[in-house]
Amino acid sequence: MRSVTQQTQPIRRLMLLDTASLYFRAYFGVPDSVKAPDGTPVNAVRGLLEFIDRLVRDHHPDDLVACMDADWRPHWRVDLIPSYKAHRVAEETETGPDEEEVPDTLSPQVPIIETVLDALGIARVGVEGYEADDVIGTFTGRATGPVDIVTGDRDLYQLVDDKRQVRVLYPLKGVGSLQLTDEALLRERYGVDGSGYADLALLRGDPSDGLPGVPGIGEKTAAKLLAEFGDLAGIMAAVDDPKARLTPSQRKRLDESRPYVAVAPKVVRVAADVPLPDVDTALPHAPRDPAALDALAVRWGLGGSLKRLLATLGA
């Protein structure tokens, strides 16, 4: 009998960057005295390059995507919960995304970051009408191998899945000190796994995102309710069950919060169906556009930050 040898594709590790989260951290973590030759601050640019260098050296991704906020406050989320990120709006617009409050010296650095990433050949993906979280959620859902999500936003804990080898690398200080967030850590700290984290966040609320939550239901109470009733649907079913073990106050507040609970899941949970463009996500080993990168390095004084990243990519 003839034997048939099956060729298996090597497993590839995907790293997804919540880019805005990281360049905000770089901006506040690197002194604003770091400037280009013309005096323009480039602390966020150089800090992000150093972050990426460290992440690639320490975690060895095969594929890397810088996920972007094409719309940091999508109207479809605002239509459901008008307070969503409302406190961070600098200016509302009729046609495009609202303008977000961003430090004056950070905004001009974002286009520089984008052009440098493009010249390097690092995939950069943002999709109109969606946040970077949604891009990350869709890439994660489609991945066939391990996924490392690098973010300073705990909302993405909802994607943690040990079975699929999806974890969140959460920066504690720079990216030299990362919290490796898996289901064991989530259960220890919050009493839920990845799939339960969105329900926990929804019930607890999040002032930084303008999510009111259910009044009187804090993190610990939310965790206890989820442990008792399984998920958000189970909790709301318990409200209608006089035998369910809810205090009168909990039953009343949950009942009064039905309009919020009905729409909040779509706001809190990341989208898994973003129409992603066809993009080469392979980690580059050489710049896509060396001449453009050289010009950017000189113009913006990227110096050792860029040289170290190029050496890491080339290795």
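None of these values were measured; they are calculated from a predicted model. (Residues numbered from 1 in each chain as written. Predicted model: local features only at pLDDT ≥ 70, side-chain atom pairs only at ≥ 80, totals over all residues. Heavy atoms only, no water.)

### Points about the pairing of strand 2 (residues 63–67)
Which entries qualify depends on this criterion: Residue exposure (1.4 Å probe, protein chains only): buried if accessible area is under 20% of the type maximum, exposed if over 50%, otherwise partly exposed. Here a helix means four or more residues in a row that DSSP labels H or I, a strand means two or more in a row labelled E, and each is numbered from the N terminus. Any two strands are treated as partners once DSSP identifies two or more bridges connecting them.
Judged by how many residues are buried, strand 2 sits mostly within the fold: five of five residues are covered. Across the two faces of strand 2 the burial is the same, with D63, V65 and C67 and L64 and A66 all buried. Here strand 2 pairs with strand 5 (residues 123–125) via three bridges, running parallel. Bridged to C67 within strand 5 is V125.

### Overview of the layout of surface pockets
As a reminder of what qualifies: A pocket, in this scheme, is an open set of points on a 1 Å grid over the protein atoms alone with protein on both sides within 12 Å along at least 5 of 7 lines, while a cavity is a set where a 1.4 Å probe fits but cannot get out; residues line either one if an atom lies within 4 Å of a point. Grid points are joined across faces, edges and corners, and a volume is the space filled by probe spheres set on the points. By the convention adopted, Pro, Cys, Tyr, Trp, Phe, Met, Ile, Leu, Val and Ala count as nonpolar, Lys, Arg, Asp and Glu as charged, and the other residues, Gly among them, as polar. Domain start and end points were adopted from an automatic or database domain assignment.
Size it by volume and the largest pocket reaches roughly 1,200 Å³. Contributing to the lining of the largest pocket are 48 residues, with A20, F24, D69, R88 and E100 lying nearest its centre. Those elements that provide at least two residues to the lining of the largest pocket are helix 1 (19–29), strand 4 (99–100), helix 4 (109–120), helix 5 (132–142), helix 7 (194–204) and helix 11 (258–268). Per-element tally for the lining of the largest pocket: the top contributor is helix 1, with seven residues. Among the residues making up the lining of the largest pocket, the classes are represented as 22 nonpolar, six polar and 20 charged. Per-domain counts for the lining of the largest pocket show at least three residues from each of domain 1 (14–181 + 276–306) and domain 2 (194–268). Taken as a whole, the second largest pocket encloses approximately 270 Å³ of empty space. Residue lining of the second largest pocket: 13 residues in total, with L14, D63, R142, A143 and T144 positioned closest to the centre.

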